[in-house]
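Here are the chains, one letter per residue:
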There are 2 protein chains.
Amino acid sequence: MKTVKIGLYGFGVVGQGVYEVLRKTRNAHAEIVKICVRSLDKVRKVEVPADLLTDQENEILENPEINLIVEVIDDAEASYRIVKGALERGISVVSANKAMLANHLPELIELQHKTGAALLYDASSCGSIPVIRNLEEYYDNDLLLEVKGILNGSSNYILSRVFDHQCPYEEALRQAQELGFAESDPSFDIEGFDALFKLVIITMHALGEYVAPERIFTYGISTIHDSDICYAREKSVKIKLVAQVVKVSDEHFTMFVMPEFVTPKKYIYSVDDEYNGVVIRGECYDRQFMFGKGAGSLPTASSILSDIMARLHDYRYEYKKSRFVDRPTYTTDILLRIYARYTTTPVPEILPFEKIYEQYYSAESNYLIGDVKLSELIAHREELRDKDLFLANIPQFFLNRD
Amino acid sequence: MKTVKIGLYGFGVVGQGVYEVLRKTRNAHAEIVKICVRSLDKVRKVEVPADLLTDQENEILENPEINLIVEVIDDAEASYRIVKGALERGISVVSANKAMLANHLPELIELQHKTGAALLYDASSCGSIPVIRNLEEYYDNDLLLEVKGILNGSSNYILSRVFDHQCPYEEALRQAQELGFAESDPSFDIEGFDALFKLVIITMHALGEYVAPERIFTYGISTIHDSDICYAREKSVKIKLVAQVVKVSDEHFTMFVMPEFVTPKKYIYSVDDEYNGVVIRGECYDRQFMFGKGAGSLPTASSILSDIMARLHDYRYEYKKSRFVDRPTYTTDILLRIYARYTTTPVPEILPFEKIYEQYYSAESNYLIGDVKLSELIAHREELRDKDLFLANIPQFFLNRD
């Protein structure tokens with residue numbers, strides 16, 4: 001039986017998890033041959049033989065024994081350089097770097113076709129939940145209508161603390177960081193970019209279409225305020241940071257990342273704490289809900305193990321859907337019903353609402369509920385970044401969906 | 001591109017669903033060439049050209065144009081004959097017949113190895129939830145510890161009506177039958193055999209081990225009584241019909257189908273109505289929960305579509321885990337804590353309880369809570385079939401698990 005000889009880039013939380021998981025399994029037929037780290041002197045929780053470590057990037061790329069590279073470094077630029085370099089040399093790669101993938105997927109797909117090397121990255125989206133693999137293999141038909149979910153564990157943890165434990169936002173963020181759920185730069189999580197990158201990758205496998213991150217409306221939870229939480233509680237909904245890609249007609253799909261009012265009947269309502277949950281909806285099969293740990297050392301590492309073992313059988317993504325006929329194309333020409341809370345930023349002047357249903361003014365804060373085009377949200381996104389306002393999607397157009 | 005030319009056996013609820021689903025998808029590269037039905041004269045909801053139909057079993061098997069057989073007939077014996085006949089001729093098959101599969105898997109795996117033809121059957125377990133494919137491909141390592149779930153939609157529908165809608169059991173059963181959730185012979189559902197067959201198939205792909213259905217303790221919900229429901233309500237638990245396979249040590253696993261007291265904290269607590277839900281637990285990745293429609297025409301058909309399209313890429317189950325070293329073996333030498341309610345059958349005399357925690361007697365009904373070996377439940381299963389008693393598992397030994 002073939003053995004996978006692994007060159008591992010990165011020995012942080014996830015890298016050490018991969019090392020641990022491979023030690024636990026007796027049937028992986030996979031072995032780590034070399035680990036490339038930034039600093040050889042750093043003291044690590046997991047001890048490894050010194051000759052396994054190197055700080056020379058090329059020592060792995062140029063080692064002819066190595067037939068698979070596992071790349072779990074934090075730095076998206078270095079990740080891109082390594083993954084590209086490996087694929088160009090015909091070496092297959094398993095990567096978990098969602099930022100790198102979301103920005104370079106088309107080129108990396110092209111490179112795979114050209115050199116025959118494979119790139120697998122199930123761990124990049126929702127940790128241990130097998131979203132990519134299922135979209136690629138099981139939902140490999142054109143019946144898929146929607147993928148929607150909570151893709152970022154740390155923002156969800158924060159919102160859970162706030163909603164279910166009456167914890168102030170700042171305190172919840174601090175807890176998330178202490179527990180290691182939040183990235184070192186928390187804006188990545190709480191401004192929605194982590195969820196955005198995952199959504200870009202998911203869309204590639206859900207509908208066969210690549211949409212660059214900068215074309216997608218992304219709004220996070222950093223400006224949420226007690227008044228938003230009170231408002232949501234009064235309506236018996238929770239606010240969740242939701243990423244979604246939805247077919248809106250036979251010809252078009254749309255996608256965005258935004259806080260959303262979630263009613264108790266929806267599957268994602270009960271996705272709490274650091275968990276992730278994804279709803280896959282299609283013609284005929286209706287809704288599938290997948291739920292699990294979306295991050296963390298061992299859950300992410302076990303997803304990487306699945307990709308490593310898949311390479312034992314020469315598994316690769318075929319990107320079949322990008323060859324489908326009548327593929328829907330991306331549109332932002334759709335109407336969303338949103339909740340907008342603001343103090344000084346003149347939201348009703350900035351955004352051309354097509355209809356306003358509720359409007360409330362007070363000395364402290366104002367809010368309105370109205371219909372506005374997604375394209376307008378994108379056009380005005382810089383003005384909408386002001387600290388005194390908060391937006392949330394009210395899924396009117398997705399009635400009975402989740 | 002290759003096209004799959006399908007010979008379809010059976011044109012009932014699921015067969016008509018397959019026909020409909022293939023009409024809806026524009027990228028399946030699959031076409032139904034012939035449909036074998038029992039009676040050509042029967043009036044059907046879905047109309048098909050008359051020349052597509054035949055009542056001659058061999059007309060499909062002997063048609064050289066056909067490269068895939070989809071078998072969705074109700075009759076397990078005919079199903080076995082057809083599937084075996086096809087594999088022997090080197091024709092690959094997609095089947096949804098769980099009873100047939102659970103009873104003949106070893107022989108059918110052998111036949112696949114011998115002739116090179118493939119047999120896929122994701123639709124056989126949990127309809128649209130991709131349990132088999134994920135166990136086979138994504139959880140294809142030895143970290144898996146447990147698969148546990150609600151695998152039978154109709155018994156779950158009945159229990160949901162009883163628990164959440166205060167509906168009497170008989171009335172709930174009648175409703176399930178009217179809605180088409182229950183099989184024509186309801187004992188298949190409510191005595192636990194449907195869940196048992198699915199569990200046998202799941203175990204093959206979860207742990208690489210085949211355990212014949214008759215070796216597995218299976219207890220259904222047909223004797224449930226108001227007093228059981230009252231007891232569960234008092235304890236704030238629901239009674240669910242649960243199938244599970246659990247690694248109890250490095251060397252052993254156990255499996256059984258039995259009503260269970262489910263606390264509100266467990267994922268499967270909220271699997272209501274005709275839905276199915278499966279928890280996959282492993283070292284490192286902890287728990288994954290998959291939830292969706294477990295039965296019905298189109299959900300089952302969409303699962304069959306996934307298998308059909310997988311054949312476009314020559315996908316086959318490799319049964320990799322059955323070649324793993326240090327595979328755990330099946331044991332019934334484990335202690336279960338059970339609730340037993342009875343009137344005249346002398347349960348405490350029949351079953352050698354190792355410890356009894358509660359015992360209650362009254363003019364109408366008695367119950368006890370005690371620890372008993374699974375092997376004893378199997379040894380006495382005929383006596384335990386009496387109509388005046390009801391058993392349920394209290395998952396003490398699986399504390400904090402689900």
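Note: the structure precedes this text.
Let me begin by describing the structure that accompanies this report. (Residues numbered from 1 in each chain as written. Chains lettered and ligands numbered in written order. Predicted model: local features only at pLDDT ≥ 70, side-chain atom pairs only at ≥ 80, totals over all residues. Heavy atoms only, no water.)

**A closer look at the packing of helix α5 (residues 131–138) of chain B against helix α9 (residues 193–207) of chain B**
The packing of two helices is summarised by the inter-axis angle and the distance between the axes.
Residues and elements named next belong to chain B.
Working step 1: In the contact formed by α5 and α9, the axes pass within 8 Å of each other and the chain directions differ by 15°. Considering their axes alone, α5 and α9 lie roughly parallel with respect to each other. Helix-helix and strand crossings are classified by hand; for α5 and α9 the assignment is left-handed. Contacts between α5 and α9 involve Val-131, Ile-132, Leu-135 and Glu-136 on the former and, on the latter, Ile-201, Ile-202, His-205 and Ala-206. (Axes fitted to C-alpha atoms, helices over the stretch in contact; angles between N-to-C directions. Helix = DSSP H or I, 4+ residues; strand = E, 2+ residues; numbered from the N terminus. Parallel < 35°, antiparallel > 145°, perpendicular 65-115°, else oblique. Left-handed = near helix turned anticlockwise from the far one by under 90°. Contact = heavy atoms within 4.5 Å.)

**Regarding the packing of aromatic side chains**
Working step 1: A full pass over the atoms with the stated rule returns 40 aromatic pairs over all chains.
Working step 2: Ring centres of Tyr-267 of chain A and Phe-289 of chain A lie 5.4 Å apart, and the angle between their planes is 35°; this geometry places the pair in the tilted category. One end of the pair, Tyr-267 of chain A, is in the loop between β10 (252–262) and β11 (275–282); the other, Phe-289 of chain A, is in strand β12 (residues 286–293), with 22 residues separating them in the sequence. For the pair shown, Tyr-267 of chain A and Phe-289 of chain A are each scored as buried.
Working step 3: One aromatic cluster is present, built from ring pairs that chain together Tyr-267, Tyr-275, Phe-289 and Phe-291 of chain A together with Tyr-267, Tyr-275, Phe-289 and Phe-291 of chain B.
Working step 4: Directly above the aromatic system of Tyr-269 of chain B lies the positively charged group of Lys-238 of chain B, at a separation of 4.4 Å from the ring centroid. (Phe/Tyr/Trp six-rings, centres within 6.5 Å; stacked < 30°, edge-to-face > 60°. Buried < 20%, exposed > 50% of the residue type's maximum accessible area, 1.4 Å probe, protein only. Lys NZ or Arg CZ within 6 Å of the ring centre and 35° of its normal.)

**Some thoughts on the relation of the copies chain A and chain B**
Working step 1: When chain A is fitted onto chain B, the two copies agree to an RMSD of 0.0 Å after a turn of 180° and an axial shift of 0.0 Å. Interpreted geometrically, this transformation is the action of a two-fold axis. Residues of chain A ranked by C-alpha distance from the rotation axis are headed by Met-290 of chain A, positioned 2.3 Å from it.
Working step 2: Mapped onto chain B, 100% of the interface residues of chain A are again interface residues, and the two copies thus contact each other with one and the same surface. (Least-squares fit on C-alpha atoms with pLDDT ≥ 70 in both.)

**Side note on the pattern of salt bridges**
All names here are of chain A.
Working step 1: On inspection of all chains with the given rule, the structure shows 55 salt bridges over all chains.
Working step 2: A salt bridge links Asp-272 to Lys-240; the shortest N-O distance between them is 3.0 Å. Of this pair, Asp-272 sits in the loop between β10 and β11 while Lys-240 sits in strand β9 (residues 238–247); the two residues are 32 residues apart in sequence, bridging distant segments of the chain. Exposure class is identical for Asp-272 and Lys-240. Each is buried.
Working step 3: A salt bridge links Arg-337 to Asp-371, with the nearest nitrogen and oxygen atoms 2.8 Å apart. (Salt bridge = Lys/Arg side-chain N within 4 Å of Asp/Glu carboxyl O.)

**Some details on the interface of chain A and chain B**
Size of an interface, as often reported, equals the accessible area lost when the parts are brought together.
Working step 1: On the side of chain B, 46 residues touch chain A, which itself brings 46 residues to the contact.
Working step 2: When chain A packs against chain B, close to 4,100 Å² is buried across both sides, 51% of that on carbon and sulfur atoms.
Working step 3: The interface formed by chain A and chain B includes four salt bridges.
Working step 4: Residue Asp-286 of chain A pairs with Lys-293 of chain B through a salt bridge whose shortest N-O separation is 2.9 Å.
Working step 5: Summed over the shared surface of chain A and chain B, the result is 21 residue pairs in polar contact (both at pLDDT 80 or more).
Working step 6: Of the residues assigned to the side of chain A that touches chain B, the class counts are 20 nonpolar, twelve polar and 14 charged.
Working step 7: With three bridges connecting them, β12 of chain A and strand β12 (residues 286–293) of chain B associate as antiparallel partners. Bridge pairing in β12 of chain B places Met-290 of chain A opposite Met-290 of chain B. (Buried area = accessible area lost by both parts, 1.4 Å probe. Polar contact = N/O pair within 3.5 Å; in protein donor to acceptor, adjacent residues only side chain to side chain. Nonpolar A, V, L, I, M, F, W, Y, C, P; charged D, E, K, R; others polar. Pairing = 2+ DSSP bridges.)

**Observations regarding the environment of Ala-118 of chain B**
Working step 1: Here Ala-118 of chain B lies in the loop between α4 (98–115) and β6 (119–120).
Working step 2: Apart from residues no more than four positions distant in its own chain, Ala-118 of chain B is found in contact with Leu-87, Ser-92, Val-93, Gln-112, Arg-311, Tyr-315 and Arg-316 of chain B.

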